[in-house]
Amino acid sequence: MACVVGCSIENGTSLQVNWREVNCHNKIKHPGLPVFHFSLACNHCEEAPCMKNCPALAYTRDKETGAVIHHAEACIGCKYCTWACPYDAPKFNPSTQIVEKCNFCIDRISEGKQPACVEACPVGALSFGQEDVDEKNHLTPGFVNRGIKPAIQLIPLREAHRKPQIENTDAPEIDLKKVESYLPRTESKISLDKEWTLVLFTLAVAGLVSWQAAHLFGKADLPLIPFALISVLAIALTSLHIGKKLRMWRFILNLKGSWLSREIFSFSAFLGLSGLQIITENRMIGYAALAFGLFSLISVDRVYKFLKRKDELVFHSGMVSLTAILLFAWLTEISILIELTLLAKGCLYMWRKGALKKQTLAWFPVLSVFRILCLLLPYILWDMHISMPLAVYLLIVMMGELIDRSEFYYESDVITPKDELRMMHQEL
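Since we're looking at a predicted model, the values are computed, not measured. (Residues numbered from 1 in each chain as written. Predicted model: local features only at pLDDT ≥ 70, side-chain atom pairs only at ≥ 80, totals over all residues. Heavy atoms only, no water.)

**Things to note about the overall build of the protein chain**
So, point 1. Within the protein chain, the regular secondary structure consists of 15 helices and eight strands.
So, point 2. Look at the contacts in the protein chain between residues 6 or more apart in sequence, and 69% of them connect residues 24 or more apart.
So, point 3. Of the roughly 22200 Å² of accessible surface on the protein chain, a fraction of 62% belongs to carbon and sulfur atoms. (Helix = DSSP H or I, 4+ residues; strand = E, 2+ residues; numbered from the N terminus. Contact = heavy atoms within 4.5 Å. Areas by Shrake-Rupley, 256 points an atom, 1.4 Å probe, with all protein chains shown as cover.)

Structure follows, in structure tokens:
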């Protein structure tokens, strides 16, 4: 860990945050598995996802070194870059409420010195300089390959590192399931207890857009005060997820590259135009608001494109776009749209649960039954012409959507080098 210590001393990082980490395969030292250590910090990628997707434009590239530099004074602490980076380079510091990352020691490099991690390494495992690498054949264990072309490539010391082999023929037979139970677990960056505000915010987006659309179709009233109260609540919920609330205005600075910027901008425009529509009763303004609302739904779903799903499926029954269509169908009472949306959501939900069960992952059967009931019961009662206020049907529907959206965050994670090492162990 000398490289980690050297980096920490050079940059004065806190004990909570290490810009460089050493990821270890076979931490339990099982004799039948290869042992190696993988030192990794920021790769300063040619197509850096942290810089491309940061909504606040808190990243720039140094022209001389090619290093991707994070600017603390511009960071809003939304942690979106920590989702986007597959190398776990940006680190959120809970003390400062912003992100930090390796700066490639550009001050030392400009003085002709080696980066602190390279200088501190006692065994020469790290080096600094130009190296020609065959990217097609190059494979480093634990190195996440996402086609973003790291500007700083990792070079294996031996050919054997490309695919570690088990050399100890006298080692006991490996019980992979038993070994797996002893492997250290890493804390997920996505968890329901961290993202509950986003659960409510995304459902509020779906509800408000579907409500405004139903109003344009003449199927629902749109009183100003309730609409405004829910809008303010939605904005308050999303603000709870960022570290620097006074910098929230920076959310919309990267409309060109960040879906998070597009989400916040389009939803804000939707709220503003919808309020103006209610006051002026101008339908053209309403249609403009709806266009921004629809784009905000697309943006919300696209924000989560980096996440890794436990069920390994592309589509999720809790997608915000699907939820908005279902709510719109109920508000307008279009039976064919209700039926089609119920069919789509039900099939996606059962497919997902089947995939989780097949992989022996937690799938919560009791909660799943309740979710299916919330999906089907309102339609059954409505189809039987049982006299109940529409608000009751919508309340049951929203209870089911709350479960489904919560499971979306519970079943999602961010790709990291530690996960790659773990998966490689399973393959071995």
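Okay, back to it.
**Here we look at the pattern of salt bridges**
So, point 1. Taken as a whole and assessed by the stated rule, the structure comprises 14 salt bridges.
So, point 2. Taking the shortest distance from any N to any O, the salt bridge between Glu21 and Lys91 comes out at 2.5 Å. Placement of Glu21 in strand β1 (residues 21-25) and of Lys91 in strand β5 (residues 91-93) is noted, with a sequence separation of 70 residues between them.
So, point 3. The shortest N-O distance in the salt bridge between Lys91 and Asp88 comes to 3.3 Å. Side by side, Lys91 and Asp88 carry an identical accessibility label, which is buried.
So, point 4. Put simply, Arg309, Lys345, Arg352, Lys353, Arg371, Glu401, Asp404, Glu407 and Glu411 are held in one network by salt bridges that share partners. (Salt bridge = Lys/Arg side-chain N within 4 Å of Asp/Glu carboxyl O. Buried < 20%, exposed > 50% of the residue type's maximum accessible area, 1.4 Å probe, protein only.)

**Overview of helix α7 (residues 192-216)**
So, point 1. Its 25 residues place the ends of α7 35 Å apart at the C-alpha level, agreeing with the 36 Å of an ideal helix rising 1.5 Å per residue.
So, point 2. Taken as a whole, α7 carries its principal kink of about 25° at Leu198.
So, point 3. For α7, the tally of buried residues reaches 18 of 25 residues, placing the bulk of the element in the interior.
So, point 4. Remark: Gly218 follows α7 within two positions and exhibits a positive phi of approximately 75°. (Expected span 1.5 Å × (residues − 1). Bend = angle between axes of the 7 residues up to and from the residue.)

**Observations regarding a nonpolar patch on the surface**
So, point 1. Taken together, the side chains of Leu192, Trp196, Leu200, Leu240, Phe364, Leu367, Leu402 and Tyr410 make up a nonpolar region of the molecular surface, amounting to roughly 690 Å² of accessible area.
So, point 2. For the nonpolar patch, the secondary structure elements donating two or more residues are α7 and α14 (390-410).
So, point 3. Along the chain, the position of Phe364 falls in the loop between α12 (335-358) and α13 (365-383).
So, point 4. Look at Phe364 and you get partly exposed, because its relative accessible area is 35%. (Patch = residues over 30% accessible without salt bridge, like charges linked within 9 Å, V, L, I, M, F, W, Y side chains within 5 Å.)

**As for the packing of aromatic side chains**
So, point 1. One pass over the structure, following the stated rule, counts 18 aromatic pairs.
So, point 2. Seen from their ring centres, Tyr304 and Phe408 are 5.4 Å apart, and the 85° between their planes marks the pair as edge-to-face. Here Tyr304, found in the loop between α10 (283-303) and β7 (308-309), pairs with Phe408, found in helix α14; they are 104 residues apart in sequence, far enough to count as distant. Neither residue differs from the other here; Tyr304 and Phe408 are each classed as buried.
So, point 3. On the numbers, 5.6 Å between centres and 70° between planes, the contact of Trp330 with Trp382 is edge-to-face. Placement of Trp330 in helix α11 (residues 320-332) and of Trp382 in helix α13 is noted, with a sequence separation of 52 residues between them.
So, point 4. Note on Trp330: relative accessible area 1%, which makes it buried.
So, point 5. By way of ring pairs, the aromatic residues Tyr80, Trp83, Tyr304, Phe306, Phe408 and Tyr409 are connected into one cluster.
So, point 6. The ring of Tyr349 has Arg371 lying over it, and the distance from NZ or CZ to the ring centre is 5.6 Å. (Phe/Tyr/Trp six-rings, centres within 6.5 Å; stacked < 30°, edge-to-face > 60°. Lys NZ or Arg CZ within 6 Å of the ring centre and 35° of its normal.)

**Focus on α12**
Because each turn of an α-helix spans 3.6 residues, side chains separated by three or four positions end up pointing in the same direction.
So, point 1. In this model, α12 (24 residues) spans 34 Å end to end at C-alpha, consistent with the 34 Å of a helix rising 1.5 Å per residue.
So, point 2. Restricting attention to buried positions, one finds in α12 the residues Ile338, Thr341, Leu342, Lys345, Gly346, Leu348, Tyr349, Arg352, Lys353, Ala355 and Leu356.
So, point 3. Residues of α12 that are buried sit in contact with β7, α11, α13 and α14.
So, point 4. Two residues or fewer after α12 comes Thr360, characterised by a positive phi angle close to 55°.

**A few points about the packing of α13 against α14**
So, point 1. Relative to each other, α13 and α14 sit at 155°, their axes nearing to 9 Å. Between α13 and α14, the angle is such that the two are roughly antiparallel. Considering the relative orientation of α13 and α14, their crossing is left-handed. Every residue of α14 that contacts α13 at Leu367, Ser368, Phe370, Arg371, Cys374, Leu375, Pro378, Leu381 and Trp382 is listed here: Tyr393, Ile396, Val397, Met399, Gly400, Glu401, Ile403, Asp404 and Glu407.
So, point 2. In terms of residue class, the contact of α13 with α14 is made up of twelve nonpolar, two polar and four charged. (Axes fitted to C-alpha atoms, helices over the stretch in contact; angles between N-to-C directions. Parallel < 35°, antiparallel > 145°, perpendicular 65-115°, else oblique. Left-handed = near helix turned anticlockwise from the far one by under 90°. Nonpolar A, V, L, I, M, F, W, Y, C, P; charged D, E, K, R; others polar.)

**Some thoughts on empty space enclosed by the protein**
Remark: the empty space left among the atoms is shown by a probe the size of a water molecule rolled over them.
So, point 1. Summed over all chains, the structure comprises four cavities of 30 Å³ or more.
So, point 2. What the largest cavity holds in volume is close to 160 Å³.
So, point 3. Contributing to the lining of the largest cavity are 15 residues, with Leu198, His241, Leu260, Val303 and Tyr304 lying nearest its centre.
So, point 4. Looking at the lining of the largest cavity, the elements with two or more residues in it are α3 (80-84), α7 and α9 (259-280).
So, point 5. By residue class, the composition of the lining of the largest cavity is eleven nonpolar, three polar and one charged. (1 Å grid on protein atoms, 1.4 Å probe; cavity = no way out; pocket = protein on both sides within 12 Å on 5 of 7 lines; lining within 4 Å. Points joined across faces, edges and corners; volume = space filled by probe spheres on them.)

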